[in-house]
Amino acid sequence: MKCKHSNIIKFINRIEEKIKSEFAKHDDIALHNQSKVLTAFTKNNVSEGHLYGSTGYGYNDMGRNTLDKIYAEIFSAEAAIVRGQFVSGTHAISASLNGLLFSNDEIIFATGMPYDTLHKVVGWTSCSKHTLINKGIKPIVIPLNSSKINLDFLVENINEKTKIVYFQKSMGYTSRSALSNKELGEVYKLLKEINEDIIIFVDNCYGEFVEKTEPCDYGADVIAGSLIKNPGGGLAPWGGYIAGKEKYIDQIMDFAVAPGLGKDMGGTKDILRYFYQGVFIAPSIVKQSIQGSILLAAVMKELGFNVSPSFGEPRFDIIQSITLNKKDLLLSFCESIQSASPIDSLAKPIPGDLPGYDSPVIMAAGTFIQGASIELSADGPVKYPYNVYVQGGLTYEHIKVAIIKVLNQMIEHGLININ
Ligand SMILES: *Cc1c(COP(=O)(O)O)cnc(C)c1O
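Turning next to the sheet that holds strand 7 (residues 240–244). In sheet architecture, strand pairing relies on hydrogen bonds along the backbone and comes in two forms, parallel and antiparallel. Pairing is mixed in the open sheet, where seven strands are placed in the order 1-7-6-5-4-2-3. The open sheet has two edge strands with one neighbour each: strand 1 (79–83) and strand 3 (138–141). Strand-to-strand twist across the sheet, computed as the mean angle between neighbouring axes with direction ignored, equals 20°. Where strand 2 (residues 106–109) meets strand 4 (residues 162–168), four bridges bridge the pair, whose relative direction is parallel. Paired with Phe109 across the two strands is Tyr166, which belongs to strand 4. Where helix 7 (residues 181–194) meets the sheet, its contacts fall on strand 4 and strand 5 (199–203), and the angle it forms with strand 4 comes to roughly 175°.

So this is what it looks like as structure tokens:
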């Protein structure tokens, strides 16, 4: 039997009714974070003049300096830098590591292998002269143990050369769960008891505004992230941020800009309004994307698929993974997300080879900002068990419309049934 569009909507509405209490949790978190962001604005007396930006060296850029203070306040850090000169999150993270690490230092990756783009930065999959390994820095990876940090193995590997212990909050493209700031915070505390000079670094990508807290609330020393994800609110056209202890931020910016120039330079012409407005709406945008993910998780679970996180589980990043089990379902899912995109809806996603992946990857994204994963996007490696990773969405309604399209195409192609 071929189902009608209205049946799909009824099916989804019925599920939506059942998950309202899950939505309420995120309404509450967003309210808290919106208030936190607004307070950071009002405390810093933001005025229209802050939005215009500077040219050339960017000396005395009131808008940039104030935005830095606002980020510091939001992320409970001594200092922060928010820069359009950073391409994205990878650039901000790479600059942080290169700014803090020297020859003979060791860095421990406490949450398993870091996000894919960092593999080249470290030097596992690149022979660039500028990898950490080529600079004489030793990386040590502590694999996770069913989404938990292996504390014994971590502590065993700490010695007098350990400079940074690195944590990644989000699951990235793996099957592990994201980690809560509180759970990570217990580990920071333990590490500080062993040696308070160890730098706790957190890759905060996809984690901003998902909880009421941020990593520095629990004692992280330096965090970094991407402005084309959560904190850019879908408006920032590029950029990255770093926040943390002032001495580390200064040291990183001596590397990222130049010794003697550091964080007091860098023009901002025309970019600041996007950064200000983006972070202002970010708590609400993140909420919409999470509520859309909760609906998606509940719908796909009802259809019999394994989902992670499940709709009732606490969320610590904005990624939703769904195990589709069949290649046709993965392709159909991504095609539907693409066709439900405001940009490039006519494009048909085709699996392609990506460096660092052992199977082709299919990606669907039709975004206003190229590659912005705070906008609705889906991707997955084309291999069993055909997991698809879905993230972002600027409005809840968009995600819901996209879910309707996903089910519609699957039904039309005879891949699923609803009743
Ligand atoms: C996206 C992401 C990065 C890299 O950020 P880009 O903005 O894509 O460079 C790093 N770590 C994690 C966990 C990410 O999700």
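A separate point is the sheet that holds strand 9 (residues 319–323). Pairing in this open sheet of five strands is antiparallel, and the strands run 8-9-12-11-10 from one edge to the other. Each edge of the open sheet carries a strand with a single partner, namely strand 8 (306–308) and strand 10 (361–365). Here the average twist between neighbouring strands, direction ignored, is 15°. Bridge count between strand 10 and strand 11 (residues 377–381): five bridges; the pairing is antiparallel. From the neighbouring strand, Ala365 faces strand 11, where its bridge partner is Ser377. Across the sheet, helix 9 (residues 272–302) touches strand 8, strand 9 and strand 12 (387–391), and the angle it forms with strand 9 is around 10°.

Here we come to the packing of aromatic side chains. Per the counting criterion, the structure on display carries 13 aromatic pairs. Members of the aromatic cluster, connected to one another through ring pairs, are Tyr71, Phe75, Phe209 and Tyr241. The cationic tip of Lys229 hangs over the ring face of Tyr115; the distance from NZ or CZ to the ring centre is 5.1 Å.

Another point: helix 1 (residues 5–18). Its 14 residues give helix 1 an end-to-end C-alpha distance of 21 Å, which sits within 8% of 20 Å, the value for a rise of 1.5 Å per residue. Among all positions of helix 1, only Ile8, Phe11, Ile12, Ile15 and Glu16 are buried. Seen from one end, helix 1 has its buried residues packed into an arc of 135°, which puts them on one side. Facing away from the buried side of helix 1, by more than 90 degrees, are the exposed residues Lys10 and Glu17. On its buried face, helix 1 sits against helix 2 (20–43), helix 9 and helix 11 (396–412).

What follows is about the site of the ligand. Taken together, the neighbourhood of the ligand is formed by Ser88, Gly89, Thr90, Ile93, Tyr115, Thr117, Gln168, Asp203, Cys205, Tyr206, Ser226 and Lys229. Note that an oxygen atom of the ligand is positioned 2.6 Å from one of the side-chain N or O atoms of Ser88. Separating an oxygen atom of the ligand from a side-chain N or O atom of Thr90 is a distance of 2.6 Å. About the coverage of the ligand: the protein hides 92% of its 380 Å² of free accessible area. Sorting elements by how many residues they give to the shell around the ligand places helix 4 (residues 89–100) first, with three residues. For the shell around the ligand, the per-class residue count stands at four nonpolar, six polar and two charged.

Let's shift gears to the domain arrangement of the chain. Parsing the chain into structural domains produces domain 1 (6–32 + 281–412) and domain 2 (46–279). Taken together, the contacts link 28 residues of domain 1 with 31 residues of domain 2. Here domain 1 meets domain 2 over a buried area of about 2,500 Å², counting both sides, of which 64% is carbon and sulfur. Looking only at domain 1, the three residues that lose the most surface to domain 2 are Ile281, Phe316 and Ile369, adding up to 24% of its buried area. In this structure, the connection of domain 1 to domain 2 is made through one salt bridge. Along the contact surface separating domain 1 from domain 2 lie 12 residue pairs in polar contact (both at pLDDT 80 or more). At the level of elements, helix 2, helix 9 and strand 12 are the ones that each hand at least two residues to the side of domain 1 that touches domain 2. Of the residues forming the side of domain 1 that touches domain 2, the biggest block, six residues, is contributed by helix 9.

Attention now goes to the packing of helix 2 against helix 3 (residues 62–74). Where helix 2 meets helix 3, the closest approach of the two axes is 9 Å, and the angle between their N-to-C directions is 140°. The angle between the axes of helix 2 and helix 3 places the two elements in the oblique class. Here helix 2 and helix 3 pass one another in a crossing that is right-handed. Note on element contacts: helix 3 touches helix 2 through Ile70, Glu73 and Ile74, opposite Lys36, Val37, Ala40, Phe41 and Lys43. Residues belonging to the contact of helix 2 with helix 3 are distributed by class as follows: five nonpolar, no polar and three charged.

Glancing now at the packing of helix 1 against helix 11. It is the contact of helix 1 with helix 11, at a shortest axis distance of 10 Å, that shows an interaxial angle of 130°. Considering their axes alone, helix 1 and helix 11 lie oblique with respect to each other. Judged by the twist between their axes, the crossing of helix 1 over helix 11 is right-handed. Every residue of helix 11 that contacts helix 1 at His5, Ile8, Ile9, Phe11, Ile12, Asn13 and Glu16 is listed here: Tyr396, Lys400, Ile403, Ile404, Leu407, Asn408 and Ile411. Residue composition of the contact of helix 1 with helix 11, grouped by class: nine nonpolar, three polar and two charged.

The rules we used
- Throughout, residues of each chain are indexed from 1 in the direction in which the sequence is written.
- In keeping with the predicted nature of the model, local features appear solely for residues at pLDDT of at least 70, side-chain atom pairs appear and are counted solely at 80 or more, and the whole-chain, interface and lining totals rest on all residues.
- Side-chain figures throughout are based on the complete set of non-hydrogen atoms in the structure, without hydrogens or water.
- Strands are labelled as partners when DSSP assigns at least two bridges between them.
- In this description a helix means any DSSP run of H or I spanning at least four residues, a strand means any run of E spanning at least two, and both kinds are numbered starting from the N terminus.
- A fitted line through C-alpha atoms serves as each axis, taken over the contacting stretch for helices, and the angle formed by two N-to-C directions is quoted from 0 to 180°.
- The contact rule is simple, with two residues in contact once any of their heavy atoms fall within 4.5 Å.
- Geometry of aromatic contacts follows a simple scheme: Phe, Tyr and Trp rings, the Trp one being its six-membered ring, pair when their centres are within 6.5 Å, and the pair is stacked under 30 degrees between planes, edge-to-face over 60, tilted otherwise.
- A positively charged side chain is recorded as over a ring if its NZ (Lys) or CZ (Arg) lies within 6 Å of the ring centre. The angle to the ring normal must also be within 35 degrees.
- One less than the number of residues in a helix, times 1.5 Å, gives the span that helix is expected to have.
- In this scheme, a residue with accessible area under 20% of its type's maximum is buried, one over 50% is exposed, and one in between is partly exposed, where area comes from a 1.4 Å probe on protein chains only.
- This arc describes the spread of directions from the helix axis toward the C-beta atoms.
- Only heavy atoms are used to decide nearness, and a residue is near a molecule or strand if one of them lies within 4 Å of it.
- Polar contact is defined as a pair of N or O atoms within 3.5 Å, subject to the rule that within protein one atom must be able to donate a hydrogen and the other to accept it, and that residues adjacent in sequence are counted only when both atoms are side-chain atoms.
- To be clear on the numbers: accessible area is Shrake-Rupley with a 1.4 Å probe, and residue cover counts the displayed protein chains and nothing else.
- Note that Gly is not counted as nonpolar here; it falls among the polar residues with everything else outside the nonpolar set of Ala, Val, Leu, Ile, Met, Phe, Trp, Tyr, Cys and Pro and the charged set of Asp, Glu, Lys and Arg.
- For the domains described, the bounds stem from an automatic or database domain assignment.
- Once two parts are put together, the accessible area they lose, assessed with a 1.4 Å probe and summed over both, is termed the buried area.
- Any Lys or Arg side-chain nitrogen located within 4 Å of an Asp or Glu carboxyl oxygen qualifies as a salt bridge.
- Small angles under 35 degrees read as roughly parallel and large ones over 145 as roughly antiparallel, with 65 to 115 read as roughly perpendicular and the rest as oblique.
- By definition, any crossing whose near helix is turned counterclockwise from its far helix by less than a right angle is left-handed, and any crossing with a clockwise turn is right-handed.

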